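# Working through the structure, step by step
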Amino acid sequence: MSGTMKRSKQVHLGLPGRLLEVAIMIGMDEETGLINRSYERARSEQPCEDLWAANYQPHLLDIVSGAQVGNNIALMNINGKNTYLPQDWRKNLRRVSQQNRRQSNTPRRMKSIRKLRQRANRDEEVPLSTDFLSNLPNICLPDDSRVHQTEPSSQISFLVLTDLSGTRHYAAVLTFYRAFFATKPSDSKVYRLIDSRQPKPYIATIDSCEEWKLCYVPQCVCFVSEMPYFDVLRTCLSCLQKEAKPFVGDSETYRKILQKYVTNMSIILSPPPSISLNFTLCGLPIRLHPSDDPAQPNFISDFDLQIPHQIFVGKEKELFEVLAHILLEHRLVFVSSNYSLITLTIEALLSHLRPFTWPHQYVPVLFSEIIDMVACPGIFIMGCHSCHKEEIKSVDNEQIVVDLDTGTLTRCAAFDVNNGVVASCRDYAEPNFPESVVKKTTCKLEMKRMSRNSAGKMSRPSPVSLEEMKREEMEDRDICNMQMEEVFMEMMVDLFGDAITHLDHETNQFQTDKFLENVLPEDLPFYSKVTKTYMFRKFIQERLKRTHDKFARLAESKEKKAVPLRSKPGRKGRNNSKVVRSMLVAPVMNGAKNGKTLKKLEKMRRHNSTTSGTLPLDFSPISEPFSMRKVATDLPFEKVKTPVHSITLPTFPKQGTNFDAGHFYKRCVELVDDVLSKMPSPPPTTDELDTFESTESTSSESESGRRRAALLIFRGCYYIANCDYKRGLRDLHATAKEDYNMFPESTIKKIMTSLGDDERQLMRMETFYEGDHFYDGKKRHESSSYFKGQDLPYNAVEKSAFARILEKSDISSEEEIINQLFDILSADQSKVDPEVFAAFYQTWKQSRHECEMAARSITEANLHGVLQESEVILKISQVVWSNRSNGRLLITSRKILFFTDGYYECKVMIRFTDIREMKIGKHKNLFRTKSTLVIKYDEDATLKVGLGTETEMWLAFVEELKIGRILSRDWKDHSMSLISATQSVIIADALYQVAKDEVDFMSIEEARTCVKKFCKLTKLQESGQLDAVPLQTFEMLVLRIDSAPKESKKTSVESILYSPTGSSRIWVALQSGKVRMVDGTSWSLDTRPIKDCSGKLTCMLVANAQELWVGSADRNIYVIRIDQMKKNRVLHEHGSALVSIVQCAGRVVSASSDGMLKVWKEGLTKSERSINVVHVPLLSVCTLLSRYLCCCTSQSIIILTAEGHQLQRLSTREFFTSSISDSHITACTCTEDGQIWCGDSCGAIYVWFKRKTVLTLTEDVNINERMKYLPRSTVLLFGVDSQRSVTCLLASSQLQMWVGDSHGDVTIVDIETVSQERVLQAHDSRVTCLCAIENRYVVSGSASKDGKIAVWRSSCIER
């Protein structure tokens, strides 16, 4: 139990697409104290000493995530804290027994992000990255994190945040103030805080050096959701504030109340299209609106869309100018004194431009530490406090500053440093939004505003309850938002509706030139720029996919009210009148003159306008002259409007100790069952009618199918939340039969990749399963085994158990790395504290998971060629400044990547081998000076990235990976970079992240020292111990393969065997008792070793196409079925270790070290006969001329017949006068022409050849005389004092003899001249075996210090 890792309980997936992802508490309290923020320390040498004037660093205080599914487990109380599961109890024991590694007198944050994740939810993982959580405190309190003498009023702000994977999250933040007593000890720079509820005598005795002051400290509760339900989140936070305000000072009670709200909001599903959900919270009715577009689930208008119009009241020109800047993808910075106003204004503006979406960097709230991001090139929309306006206007960058407090735009762009003045921007000239569109949209907005008056309300009873007032407020807002959406959707149709007519679906292209030909000359500059933007290209891509959203239906169904005047012939562009670019169709009358034909064509036209994704071929687009009298002519919004059906959720279950969300899920399922049972069954499929009389019925059937699909999604998600994956996935798949546009593909893939192996195997048996390729995409993005929740050891971990855990978790398999990590975590003790190990392991696990999510996002963004199949992301930075744009810096196992925020575009891709120079530089702007990583590559290209305090660490990582990649390229050994260097970087980064997060783990300085220790290749290069690859070795080396990549202790390669029958296979027998298989075509190592053998494996033989015989030092022969890759039988007749298994004269001969030979017939389990050769240890046996046996001992070589008769004994001392007296034979082999070669312990080679005399066959002549061998030649390969011995020999052909030695080199000897040709530096340890592959390659194996297989070309020597 001390160091083992066991499979944990099943991890619940939770409710897919739930309303609330997580709730986070932020601020300062007793544990954190008041610490000056970093940007204030950077601006001034002396931090502000005034308690009321300084800004303080906020911290994460708590995380609450998801609905916890209860199991009726009794509570256990450990040190006054409640725990629910045995594993939690063990963690508390670790926490109780842990001794702090470092002591400090100042208050520090004791709750790390890792521990907050553990506390958040015992059933689910927190669905946010560490980068997201670490930046959230500064975002929630971006500038004003001061303490106050009097309690300010609470306020709510809104955020849009981009996660590490590129996913956008929407948040509402409640900021309130809690009373504390504060003081600063004389020996500290940090203010200490004490709860104001403490009695004054107790406070007076704590510290008498300074007076305790009553202050109000800001704290925040942040609700995070995947959907932009800003008003719903605001209402929930308001209810929380009302209920929890009396308990602000009681942290435990406040958390219980917060947990209740989080649980309630986490069991609510974000509604699918065509369904709205109603529920009640604290007596207030709340409605969740669905998205109108199934393909864009975040197209939700949950707040008042009139906010921009209230800001730009009387300034319509500025409003449309901002919209034009967004369409043209200009840099925009919104400033205001109200942070909530910034986010909601930007969101409303973006909603006006639907179906266009903003794909670039989007940071509506910039906090002071990252305000310098506005000085970066690239495309972005950002927001910050108006106090930074003057600084932003002076930044050397081209951008538009939108002041929401005054409703003005400042088109200052580049700051002229030389002249000290602000220069005008040439590229960012006034965008010239089409005037006709501006007039029409302004007029319609005015008409809609005038239609909204209080006269209608006077005829209705006044609301007399809070519930009625809330309902009336929601209805008024919904009506207003619907009108705003209609006006701006019509504007977008006027602008880009006829782009559909210029789509070439056959070539999958957009005809830009033809589109621009029909644009008015004064509007041509605007359209020419818009068509070059990424937003427009993405819009066209969706149209080419025949996306049938509201925009497409409106563009196709706009009624023709008048026949327009055509453009004059010979004149480019439209007619002289001001026109609105719109999608109108008129039938081409080819001889149709009677009224019936006209009516039929009219029906066909209407049918196609409402059902078809593209225009019919017999329709032609025309333009309609703009007339102010026709402004009131609306598009047919009622025809394209999706009916929304309302569902009222059951009341929330009572919160308590044994709360079970499963009961609520079952009630929701029963609710949907009841609704589905009352719906009419879908009609049978019929053939297409000749006429279009059934258009209305078809439309109603489509609406019914869409509603059934939405209900199936609703029910399926609640099945999944209740762990009924089979029914849930069946419902989600069934939506394709009702309405394929509603098919939740991404949700299904996410669920399937999150399931365990057992659950997934059950799903494969279901009819709805569509194959692994649908769910997984590429195998490289499958969820890793190390993230499937494992129980950590709760006792101290010894070194052996520590190594097993690291091997099993794929953290590392190198003994040197494991030993180094053990020494660091154990603080040079004999065991690792379980809490210390848990901190490292969980941080490493979270980091790997986030890197995999980023890799999946890159793949889903269709960025081809960026990541290769086996390439792994090692580290991801936060959103940082660079000389290309704002974005994230990524290190992979092969290259450096720089992405824009969200992974939409890869700005820079640098291979490690292309790097010419790296250094640490400084970047200075108007805000601050920051350390930057400078990378020079190619000839003139340079990448500068502002990484701040982590620059030195990034430089060390890149340098280590660069050296590893170069060594991998030169030595053709992928394990040098993909395993050794990458594992070192990942482990060093995990240690650094733990040091940042865990205050008692180690200091940042100690962590940086550990980073340098793990960069071992860099140290070897600096010390000059990395030698260059010799040219002869480089020319002949194909690659090197690690025989045991996942084992910490390298094992010796004892035997290598090539099997040419069937598929090309190379069998490798290891000292550890495993047999590995290498594919001879791809040189890939099979990941499934044969583990049925035991003892040290010494020799192998493929007896036939079905059986592999493996000899072992445990005296057994293991017969393995090749097709099954498992042991078939075991032969036990030998009395000592096996040394060789060969084929001779149609029989299998096995030899053991005691000199006993066994002759076997295929298929038998008992030998035919035994041959006793010698009484001295036998080294090896080889076949001579396919019918004789050559037995090698340390003193001589014995030649036998297949029947066991001795023909001749060869001794080096008897045959060669130049033999070294104290040497002994170490290896022996035979060539195809019958020569016998052997090597000795001093590095000498001895060669015998067969006698070629012809004898007359008579009764007096012995036939064995024909086999007499004579000495041919001898050669000393190494110097007398070299202390090298020959370890193995191989005749690769009739021309070359390959000789392996004890120092790891391979010498190639010419067989004809018995002279040395070249020496190859093969391994770091002795060469144990050699194997030839079809006279094309030679494979060598080495001892345990190296444990690798080297593949060589055998035919590249110039003769």
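Residues numbered from 1 in each chain as written. Predicted model: local features only at pLDDT ≥ 70, side-chain atom pairs only at ≥ 80, totals over all residues. Heavy atoms only, no water.

### Details of the pattern of salt bridges
In this structure the tally under the stated criterion is 53 salt bridges. Close ionic contact of aspartate 549 with arginine 543 constitutes a salt bridge, the shortest N to O distance being 2.9 Å. The residue lysine 895 makes a salt bridge to glutamate 871 at a minimum N-O spacing of 2.8 Å. Highlighted residues: lysine 895 in strand S28 (residues 895-900) and glutamate 871 in the loop between helix H29 (834-860) and strand S25 (873-876), separated in sequence by 24 residues. Just as lysine 895 is buried, glutamate 871 falls in that class too. (Salt bridge = Lys/Arg side-chain N within 4 Å of Asp/Glu carboxyl O. Helix = DSSP H or I, 4+ residues; strand = E, 2+ residues; numbered from the N terminus. Buried < 20%, exposed > 50% of the residue type's maximum accessible area, 1.4 Å probe, protein only.)

### Let's talk about the confidence of the model for the protein chain
For the protein chain, mean pLDDT is 79; residues scoring 70 or higher make up 80% of the total. Taken as a whole, residues 559-633 scores under 50 in pLDDT and shows 129 contacts with residues more than four places along the chain or in a different chain. This model gives residues 777-789 a pLDDT under 50, and the stretch forms 38 contacts once residues within four places in sequence are excluded. (pLDDT = per-residue confidence, 0-100. Contact = heavy atoms within 4.5 Å.)

### A word on a negative patch on the surface
There is a patch of like negative charges on the surface, built from Asp914, Asp938, Glu939 and Asp940. Of note, aspartate 940 is situated in the loop between strand S31 (929-937) and strand S32 (941-946). Overall, the relative accessible area of 73% leaves aspartate 940 in the exposed class. (Patch = residues over 30% accessible without salt bridge, like charges linked within 9 Å, V, L, I, M, F, W, Y side chains within 5 Å. Areas by Shrake-Rupley, 256 points an atom, 1.4 Å probe, with all protein chains shown as cover. Lys, Arg positive; Asp, Glu negative; His and termini not counted. Charge placed at Lys NZ, Arg CZ, Asp CG, Glu CD.)

### Quick word on the environment of arginine 1008
Relative to the assigned elements, arginine 1008 resides in helix H32 (residues 1004-1014). Note on arginine 1008: relative accessible area 28%, which makes it partly exposed. Taking C-alpha positions, arginine 1008 is 7.0 Å from tyrosine 992, a pair spaced 16 residues apart along the chain. Leave out the neighbours within four places in its chain, and arginine 1008 touches Thr949 and Tyr992.

### What about the sheet that holds strand S56 (residues 1315-1321)?
In any sheet, the strands associate via hydrogen bonds between backbone groups, in a parallel or an antiparallel arrangement. Strands sit in the order S53-S54-S55-S56 across an open sheet of 4 strands; the sheet is antiparallel. This sheet does not close on itself; its edge strands, each paired only once, are strand S53 (1286-1291) and S56. Between one strand and the next, the sheet's axes are offset by a mean angle of 25 degrees, whatever the strand orientation. Direction of pairing for strand S54 (residues 1296-1301) relative to strand S55 (residues 1305-1310): antiparallel, over a ladder of 5 bridges. What sits directly across from valine 1299, in S55, is threonine 1307. (Pairing = 2+ DSSP bridges. Axes fitted to C-alpha atoms, helices over the stretch in contact; angles between N-to-C directions.)

### Quick notes on the packing of helix H27 (residues 799-808) against helix H28 (residues 815-825)
Look at H27 against H28: their axes get within 10 Å of each other, and the N-to-C directions meet at 120 degrees. Comparing their axes, H28 and H27 come out oblique. When the axes of H27 and H28 are compared, the crossing they make is right-handed. Only Ile818, Asn819, Leu821, Phe822 and Leu825 of H28 make contact with H27, whose side of the interface consists of Lys799, Phe802, Ala803 and Leu806. Residue composition of the contact of H27 with H28, grouped by class: 7 nonpolar, 1 polar and 1 charged. (Parallel < 35°, antiparallel > 145°, perpendicular 65-115°, else oblique. Left-handed = near helix turned anticlockwise from the far one by under 90°. Nonpolar A, V, L, I, M, F, W, Y, C, P; charged D, E, K, R; others polar.)

### Focus: the side chain of asparagine 278
The topology assignment puts asparagine 278 in strand S10 (residues 275-281). Reaching out from asparagine 278, the side chain makes a polar contact with the side chain of serine 646 at a distance of 2.5 Å. (Polar contact = N/O pair within 3.5 Å; in protein donor to acceptor, adjacent residues only side chain to side chain.)

### Regarding the state of the cysteines
Applying the stated rule across the entire model yields 0 disulfides. Among the cysteines around cysteine 239, which has no disulfide bond, cysteine 282 carries the closest sulfur, lying 4.1 Å off. Judged by relative accessible area, cysteine 239 falls into the buried class, the value being 6%. With no disulfide of its own, cysteine 1288 lies closest to cysteine 1329 among cysteine sulfurs, the gap being 6.6 Å. (Disulfide = S-S within 2.5 Å.)

### Quick notes on the packing of aromatic side chains
Within this structure, the stated rule accounts for 35 aromatic pairs. For the ring pair phenylalanine 496 and phenylalanine 539, a centre distance of 6.4 Å and an interplane angle of 55 degrees mean the geometry is tilted. Taken together, the residues phenylalanine 496 in helix H14 (residues 466-496) and phenylalanine 539 in helix H17 (residues 534-544) connect sequence positions 43 residues apart. Phenylalanine 539 shares its class with phenylalanine 496; the two are buried. Between phenylalanine 1215 and tryptophan 1248, the aromatic rings sit 6.2 Å apart at their centres with planes inclined by 85 degrees, giving edge-to-face as the arrangement. With phenylalanine 1215 in helix H35 (residues 1212-1215) and tryptophan 1248 in strand S51 (residues 1244-1250), this pair connects stretches of sequence that are 33 residues apart. A network of ring pairs unites the aromatic residues Phe320, Phe356, Phe433, Phe496, Phe510, Phe515, Phe526, Tyr527, Phe536, Phe539 and Phe551 as a single cluster. The positively charged end of arginine 1284 is found above the aromatic ring belonging to phenylalanine 1278, 5.5 Å away from the centroid. (Phe/Tyr/Trp six-rings, centres within 6.5 Å; stacked < 30°, edge-to-face > 60°. Lys NZ or Arg CZ within 6 Å of the ring centre and 35° of its normal.)

### Some words on the sheet that holds S10
If you trace the 3 strands from one edge of the open sheet to the other, you get S11-S10-S23, paired in mixed fashion. Two strands close off the open sheet at either side, each with one partner strand: strand S11 (284-288) and strand S23 (645-648). Each neighbouring strand pair of the sheet contributes to a mean axis angle of 25 degrees, computed without reference to strand direction. Relative to S11, helix H6 (residues 230-244) is tilted by about 155 degrees, and along the sheet it contacts S10 and S11.

### Section: the packing of H28 against H32
Contact geometry for H28 and H32: axes closest at 11 Å, N-to-C directions at 165 degrees. Taken as axis vectors, H28 and H32 run roughly antiparallel relative to one another. By crossing handedness, the relation of H28 to H32 is classed as right-handed. Here Ile817, Gln820, Leu821 and Ile824 of H28 lie close against H32, whose contacting residues are Cys1010, Lys1013 and Phe1014.

### Regarding the nonpolar core
In this structure, Ile24, Phe223, Phe433 and Phe496 are the most contacted members of the largest nonpolar core, which totals 180 residues. Those residues in contact with isoleucine 24 that sit more than four places away from it in its chain are Leu60, Asp62, Ile63, Leu128, Leu133, Leu136, Cys220, Val221, Cys222 and Val224. In terms of nonpolar packing, the next biggest core, distinct from the first, is built from 68 residues, Ile824, Ala838, Met918 and Phe1014 among them. (Core = buried A, V, L, I, M, F, W, Y, C linked by side-chain atoms within 4.5 Å.)

### Quick notes on the pairing of strand S59 (residues 1348-1353)
Counting buried positions along S59 yields 5 of 6 residues, so the element is predominantly enclosed. As defined by bridge partners, strand S33 (residues 1037-1042) adjoins S59 across 5 bridges and the pair is classed as antiparallel. Pairing of leucine 1039 across the sheet is with valine 1351, part of S59. Judged from the 5 bridges that link them, strand S58 (residues 1337-1342) and S59 form a sheet pairing that is antiparallel. In the sheet register, glycine 1341 faces S59, and the bridge partner there is isoleucine 1349. Counted between consecutive antiparallel strands, the loop separating S58 from S59 contains 5 residues, among which glycine 1347 sits at a positive phi close to 65 degrees.

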